[in-house]
Structures are given as C-alpha cells and as structure tokens.
Amino acid sequence: MCLGEVRRRGRRTSSANLRRVVSNQHLPSQGVSSSSSEPTIILGAGLAGLSAARRLAEAGRPVLLLDKGRSVGGRLATRRMGHAVFDHGAQFFTVRSDEFQTEVDQWVDAGVAEVWSQGFGPDPDGHPRYRGSSGMNAVAKHVADRLTDSYDNVTIVTRTEANAIINDGEAWTVTYQGPTREPDVAAAVICTAPIPQTLALLRAGVTSVEGLVDLQAVRYHRVIAVLAALDRSPELPEPGAVQQPADPSFTFVADNQAKGISRDPAVTFHLNPNLAASLWDSDDASVLAAIHEDLRSYLNGAAVTQIQVKRWRYSGPVQPHAERCVVAATNPGPVVLAGDGFAGSKVEGAFLSGLAAADNVLAFHQSLA
Ligand SMILES: Cc1cc2nc3c(=O)[nH]c(=O)nc-3n(C[C@H](O)[C@H](O)[C@H](O)COP(=O)(O)OP(=O)(O)OC[C@H]3O[C@@H](n4cnc5c(N)ncnc54)[C@H](O)[C@@H]3O)c2cc1C
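Everything quoted here is computed from the prediction, not taken from an experiment. (Residues numbered from 1 in each chain as written. Predicted model: local features only at pLDDT ≥ 70, side-chain atom pairs only at ≥ 80, totals over all residues.)

### So, the overall build of the chain
Right, so step 1: Across its full length, the chain holds nine helices and 20 strands.
Right, so step 2: Relative to the globule expectation of 21 Å for 369 residues, the C-alpha radius of gyration of the chain, 21 Å, shows essentially globular dimensions.
Right, so step 3: A principal-axis box enclosing the C-alpha atoms of the chain has dimensions of 70 × 40 × 35 Å.
Right, so step 4: Here the chain, with 369 residues, has 48% of them falling under the buried criterion.
Right, so step 5: Within the chain, contacts between residues separated by at least 24 positions form 68% of all contacts whose residues are at least 6 apart in sequence. (Helix = DSSP H or I, 4+ residues; strand = E, 2+ residues; numbered from the N terminus. Rg over C-alpha atoms; globule rule 2.2 N^0.38 Å. Buried ≥ 20, exposed ≤ 12 C-beta atoms within 10 Å, placed from the backbone. Contact = placed C-beta atoms within 7 Å.)

### Brief notes about the domain arrangement of the chain
Frequently, the measure chosen for interface size is the accessible area removed from exposure when the parts meet.
Right, so step 1: Split by domain assignment, the chain resolves into domain 1 (6-74 + 139-217 + 320-368) and domain 2 (220-318).
Right, so step 2: Residues that form the side of domain 1 that touches domain 2 fall into these classes: two nonpolar, two polar and two charged. (Domains from an automatic or database assignment. Nonpolar A, V, L, I, M, F, W, Y, C, P; charged D, E, K, R; others polar.)

### Structural notes on unusual backbone geometry
Right, so step 1: Of note, the amide linkage connecting E238 to P239 takes the cis form, showing an omega dihedral of 0°.
Right, so step 2: The peptide bond linking N331 to P332 adopts the cis configuration, its omega dihedral lying at 15°.
Right, so step 3: Along the polypeptide, P332 turns up in the loop between β19 (326-329) and β20 (335-337).
Right, so step 4: Of note in this structure, R159 is not a glycine but carries a positive phi near 55°.
Right, so step 5: With respect to the element layout, R159 can be found in the loop between β9 (154-157) and β10 (162-167).
Right, so step 6: Residue class for R159 comes out partly exposed when judged on the 18 C-beta atoms lying within 10 Å of it.
Right, so step 7: Unlike most non-glycine residues, K346 shows phi in positive territory, near 55°.

### A look at the nonpolar core
Right, so step 1: Counting 75 residues, the largest nonpolar core has A52, A53, V189, I190 and A338 as the members making the most contacts within it.
Right, so step 2: Ranked by the residues each element gives to this core, the list is headed by helix α9 (residues 346-368), at nine residues.
Right, so step 3: Aside from chain neighbours lying at most four places away, what touches A338 is A48, A52, I190, T192, C325, S353, G354, A356 and A357. (Core = buried A, V, L, I, M, F, W, Y, C linked by C-beta atoms within 7 Å.)

### Remarks on the sheet that holds strand β15 (residues 241-243)
Right, so step 1: On the basis of which strands lie adjacent, the open sheet formed by five strands has the order β15-β16-β17-β14-β18 and antiparallel pairing. Looking at which strands have only one partner, the edges of the open sheet turn out to be β15 and β18 (304-317). Pairs of neighbouring strands in the sheet enclose a mean axial angle of 15°, with direction left out of account.
Right, so step 2: Both strand β14 (residues 220-230) and β18 contribute to a ladder of ten bridges, which runs antiparallel. Within β18, the position partnered with Y220 by the bridge is P317. (Pairing = 2+ DSSP bridges. Axes fitted to C-alpha atoms, helices over the stretch in contact; angles between N-to-C directions.)

### Some words on the site of the ligand
Right, so step 1: By nearness alone, 37 residues border the ligand, and G44, G46, G74, D340 and K346 come closest of all.
Right, so step 2: Within the residue set of the shell around the ligand, elements represented by two or more residues are α1 (47-58), α4 (195-204), β14, β18 and α9.
Right, so step 3: For the shell around the ligand, a count of residues per class yields 17 nonpolar, 14 polar and six charged. (Near = placed C-beta within 6 Å.)

### What to know about the sheet that holds β10
Right, so step 1: On the basis of which strands lie adjacent, the open sheet formed by three strands has the order β10-β11-β12 and antiparallel pairing. Each having just a single partner strand, β10 and β12 (184-186) make up the two edges of the open sheet. Going across the sheet, the axis of each strand differs from the next one's by a mean of 25°, ignoring polarity.
Right, so step 2: Relative to strand β11 (residues 172-176), β10 runs antiparallel, the two sharing five bridges. Bridge pairing in β11 links I165 to V174.

### A look at the confidence of the model for the chain
Right, so step 1: Chain-level statistics for the chain give a pLDDT mean of 90 and a share of 90% at 70 or above.
Right, so step 2: Taken as a whole, residues 9-34 scores under 50 in pLDDT and shows 45 contacts with residues more than four places along the chain or in a different chain. (pLDDT = per-residue confidence, 0-100.)

### Some words on the pairing of strand β4 (residues 63-66)
Right, so step 1: Residue alternation in β4 divides its side chains into two sets, V63 and L65 and L64 and L66, and both sets are buried.
Right, so step 2: For the crossover from strand β3 (residues 40-43) across α1 to β4, the handedness is right-handed.
Right, so step 3: Of the pairings in the sheet, the one linking β4 to β9 comprises four bridges and is parallel in character. Directly across from L64, in β9, lies its bridge partner T155. (Right-handed = clockwise from strand over helix to strand, strands pointing away.)

Okay, here's the thing in structure tokens:
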C-alpha cells in the first residue's frame, strides 16, 4: 500500500476524497455532536481493531480505522525474503470461545486459515492450533477486505500514526504524526495499540490517566524474532516446529516451509523473553553472535542464505488486565481501550476485546437514542 492509502468498499481513493476533517488550527468549538454523525475512530488495525470495526459496521455506525503500519494485521505479521516467507509475530492461534470459533470457521471456509497441528512436541495435547493458510497476515487482510467489501460505512487508512487523542469539549479529535493527514473528529474512540502506547496518546491529548492504575501496571514481554532463510530443510520434528516455553534461548522455532506458507526453507526463531530483554539494546550483529551456536543446533547442517532480526517491544502482556476492555473516558463520548492487553490476551483475546469495545460504543449510542 502507498503512503496513507485508503481502503474503502473495494476501490482505492486518495485521502482527499474522504469526508471533511478539521484542520489543526481550527478545531471545532460548535456544531460538532458526539451523538451520531461522527464516526468512531479505531486506532490500530490488528485483529482487535478489525473485530471492533466489524461489530460497529454491522450496527450501521460509521467507522474510521487507522493504522501506522504499511498494512493491516499488527502482530499477525508475515515477511518475505525472496521465496522464503516467515510468520514472525503470532505463529498460530487457538480457539476456546464459540464466538471466535464462528469467526474462525468463516476463515477456514474462505480458505485463509486451517488447522496446523494438535500441539507440539512428542505428546501433543490434541487442541487444534490454527495457522493462516498463506501466513498469519493474510487472515487479517481477509478480515479487512470483507469489511470494506461488505460495508459502505467503513474506511481503513494505513501508514497513519495517531499522536494524540484530544477532548475538545464537544467531541474527540485525533491528531497525527507528520503531514500525512489532518485531524479527525470522532464521536467515540477505540484504541487497540498496546496499553502503554494508548496511555501515551491520551496523555498527549492532556487526558488524565492517573486513575487508570490497573492499566498502568500492565507490562509486556519483549521478543526478538530471528528469521533465517536456508538452503535446505532443517527437518524439524512434526509439524515442523518446536515449542519450548522454558528453553533459555528459544521459546518457539518453526520451519515455515513445513508449516505450508513458504516455498523455500524459512525458519522463525523466537528468543526467550529474558534473553530478548538482555539483548534488546544490542545491534543485530551482536544478537546474531549471541545466539549463533544455539541457532545452529536447529539447522541440521543446512546453511543460512539470508537472515534478519525483528524486535517486538510489545509481544504480549505478562499479565493481561482482568476486563475485556476499559472505558477510559465517557465525555464527550467514550474512549475505550482494547486489544490483547485485556482478558484472554493472544489472538483470540484480541478478537473478543475488540467486540467488547464496540459493544461499549454501541451502548453509548443507544443511551442517547
Ligand atoms: C513474537 C510474537 C509471537 C506471538 N505468538 C502468538 C501465538 O502463537 N498465538 C497467539 O494467539 N498469539 C500470539 N502472539 C500475540 C498475538 O499476535 C497478539 O495477541 C494479537 O495479534 C494482538 O492483536 P491486537 O489487535 O490486540 O494488537 P496488534 O496486532 O498489535 O494491533 C495493534 C495495531 O495498532 C497499531 N498502532 C499502534 N500505535 C498506533 C498509533 N499511534 N496510530 C495508529 N496505529 C497504531 C499497530 O501498528 C498495530 O497494527 C504473538 C505475538 C508476538 C509479537
């Protein structure tokens, strides 16, 4: 997608064609109601933001979904090096709720997801682990495409980073980093970025977060992913992946070729969060030097042809917040915090958190009706 690209109902437009937004210098003081006509702005087009957008769109609410990334998906991330394709964020997902199962069944019917394994190691627990059929990011893209193809009232904008959420008295105004987009006015805001980033957006808009003590306490694991393209398969044990939560070097090692998403041998190594934290400020060469011997032990003699390091500052919460979402402000409309930092965490938790946040916004509109 190009700079500030806009996805809307299967066609591509420039942001200039969007509904009018206020300029930096002329924030509205009158005539803007947080009641009905203004959209809900959703920050973050990972799975939480996408599921929130769909629930609001289904209910007929206008939605503006923005993400700072080049594409939708967030931590449902897939990267290519030639014909080597790597899932480098989430590796798989599980399903425990009926609501998520209904959604995943749709993904399976559409051919974008399938069961990868019933567990890892010599004694799989039999619980299905799903993968994106051509990578995890394709699942998010499918959800986004379905949204823009099915609903007129949803606009998705990528490469646009919010830098503040401002209460201007009668509505919320979201401002952005750089010149890519003028501020937008919203009846409600749903923030799905990791909690520390969301709190920073509220602080930047001079909304107090001092009362949100539980949220300030949520910490995230850092993970470093190392992506290695190989000259031949390393022949990892079935199903082509090893999960070792207690291993001092790697918690997960997966051959994306055996997984079925890569033409060429392509192995993702996730460093143990403790090791990742200790190497966080080291440069890539130092990270690779520190893990060199342990990495080789998984290669079965295969040679590395290309290698990359990717850092995830917020891979997942150490301990998620107890609720599915939190309403951080109610006036002039709700600001709801959601994402995998809330109950459930992981891919499924993010999906359910987005739905819960949207339900809060819908309840607000119903209370005005
Ligand atoms: C290394 C790793 C391994 C994982 N493994 C698994 C696994 O095996 N199974 C599993 O279930 N889960 C796993 N997870 C967790 C899973 O990926 C997440 O729980 C889930 O994808 C989070 O979705 P989300 O929508 O809450 O957040 P995200 O996907 O992070 O989406 C938030 C979005 O907000 C955007 N954003 C942030 N700030 C701004 C801003 N200021 N303006 C605009 N946009 C902004 C970001 O670009 C991002 O796209 C893993 C994660 C990582 C990183």
